[in-house]
Amino acid sequence: MSPASRFLALALLALSGCERGPAPGHATVDFRHAPQQAGGTPVASWKGDGVTAEELRRRLEEMSPALRERYQTLEQKREYVEGLARFELLVQEALARGLQNDPEVVASTKRALVARLMRSQLDEAQPPVTGAEVAAYYQSHLEDYVRPEQVRLSHVFLAAPREDAARVTAARQKAEKVLAEAKALPARDFAAFGRLARSHSEEPRTQPLDGDLRYRSLEVLAQDFGPEVAEAARTLVPGGPGTLSGVVQTDAGLHVLQLTAHQSALDLKLEDVRQQISGRLTQDKRTRAWAELLSGLEKRAGFTVDAAALSRVHVDMSTPMQPAIGPPPGTLPAPFPPTAVEQP
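Heads up: these notes are all about the structure in this document. (Residues numbered from 1 in each chain as written. Predicted model: local features only at pLDDT ≥ 70, side-chain atom pairs only at ≥ 80, totals over all residues. Heavy atoms only, no water.)

Attention now goes to the overall build of the protein. Of regular secondary structure, the protein possesses 12 helices and eight strands. Taken across its 344 residues, the protein has 31% of its residues classed as buried. Pairs at least 24 apart in sequence give 68% of the contacts found in the protein among residues at least 6 apart. Approximately 21600 Å² of the protein is accessible, and the part contributed by carbon and sulfur atoms is 56%. (Helix = DSSP H or I, 4+ residues; strand = E, 2+ residues; numbered from the N terminus. Buried < 20%, exposed > 50% of the residue type's maximum accessible area, 1.4 Å probe, protein only. Contact = heavy atoms within 4.5 Å. Areas by Shrake-Rupley, 256 points an atom, 1.4 Å probe, with all protein chains shown as cover.)

If you trace the backbone, Arg 147 turns up in strand E3 (residues 146-147). Despite being buried, Arg 147 has no salt bridge partner; Asp 144 is the closest side chain of opposite charge, sitting 5.1 Å away. Those residues in contact with Arg 147 that sit more than four places away from it in its chain are Gln 263, Ala 265 and Leu 266. (Lys, Arg positive; Asp, Glu negative; His and termini not counted. Salt bridge = Lys/Arg side-chain N within 4 Å of Asp/Glu carboxyl O.)

Let us look at the side chain of Ser 245. Relative to the helices and strands, Ser 245 is located in strand E6 (residues 244-249). With a relative accessible area of 7%, Ser 245 lands in the buried category. With residues up to four places along the chain from it excluded, the contact list for Ser 245 reads Leu 179, Leu 236, His 255, Val 256 and Leu 257.

With that out of the way, let us pick up the environment of Val 178. Position of Val 178 among the secondary structure elements: in helix H7 (residues 165-183). The buried category is assigned to Val 178, whose relative accessible area is 2%. Distance from Val 178 to His 255, taken between C-alpha atoms, is 10.0 Å for residues 77 residues apart in sequence. Those residues in contact with Val 178 that sit more than four places away from it in its chain are Val 156, Leu 196, His 200 and Val 256.

This paragraph deals with helix H6 (residues 131-140). The periodicity of an α-helix, 3.6 residues per turn, causes residues three or four positions apart to be oriented the same way. For H6, the complete set of buried residues consists of Val 134, Tyr 137 and Tyr 138. Down the axis of H6, the smallest arc covering the buried residues is 100 degrees, so these residues share one side. The exposed set on the far side of H6, more than 90 degrees from its buried face, consists of Ala 132 and Gln 139. Its buried side turned inward, H6 meets E3 and helix H11 (270-301). (Arc of directions from axis to C-beta.)

Residues Val 305, Leu 310 and Val 313 make up a contiguous nonpolar surface patch of about 270 Å² in total accessible area. Note that Leu 310 resides in helix H12 (residues 307-311). (Patch = residues over 30% accessible without salt bridge, like charges linked within 9 Å, V, L, I, M, F, W, Y side chains within 5 Å.)

Ordered by their spatial adjacency, four strands build an open sheet running E5-E4-E7-E6, and the pairing between neighbours is antiparallel. Strand pairing shows two members of the sheet lacking a second neighbour, strand E5 (212-217) and E6, which therefore form its edges. The mean angle between the axes of side-by-side strands here comes to 35 degrees, regardless of whether they run parallel or antiparallel. The strands that H7 touches are strand E4 (150-159), E6 and strand E7 (253-263); relative to E6, the one it contacts most, it runs at about 175 degrees. (Pairing = 2+ DSSP bridges. Axes fitted to C-alpha atoms, helices over the stretch in contact; angles between N-to-C directions.)

Our focus in this paragraph is the pattern of salt bridges. Scanning the model with the defined rule gives 16 salt bridges in all. Between Arg 216 and Asp 224 there is a salt bridge, and its shortest N-O distance comes to 2.9 Å. Classification of Asp 224 by relative accessible area gives partly exposed; the value is 35%.

Function cannot be inferred from these measures alone, as they are strictly geometric.
Set out below in structure tokens:
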């Protein structure tokens, strides 16, 4: 079962607790806009409900100062209170007509319940990320925050040991031809350069990869292919991806190089990334908490899938769309909140 499908089922299981009976103190749903408290000063009332001065003051204080400017006069405040009352009267009329059991209303209520459950489970119940956790993550992922400059090259290599003059001469002639072909290509046509490497390169490790050397620091590049290649790579960086070298000679042979990518050096201290790491760890905690909740609900509800029966459900692509009998696909909350933290 895909994660999305699994969630659609388990999200509804999150509501199944309601069927086991309400928790103490939560036996009924109060559809009044705000249950009145004893001692309030009523400014408007209707059967079974009303608005107090205290509630009105609280509602106005929740507005921005600019919005409060609209409610300075008696008439403006009357208009606002009448709007509250009319809305609540419409709610009561809908309840009187039994619309709370309408499938669309039920589906919307379920979505609201699951969304509130997610906030309760993920935002309100999770312990904050500690400084020690942030520091430990930084140390275990240090290569993400501190690393030397790196380049990514593709090359065509022709084997010709430096001491074999005749072989070097023949290899250089071939290398110059390869370089001329490379120069005739569009500067950023990396696939075309890769085809040159696959056709002509004699480096067994990279020829099957279209000459791709992957990301390497200049130090590692010098160790693996010679200081001449590292120095040539350094000179290619200012020109940007697609820049070609000349024919570069090393002890092992001749290279024609193309820069495909470059990463500047990183030296990010813990304080530079503390907030970023804290956000990532918070997201990880939220993800684990939600997965644990779903797993527990699945186990408690005895959730199973009959794969054989499910496989026999025919999806008819030719029939027109029918009226919905439940939440439309994609309308339930995602199983995990979107990750806001990006890798550096």
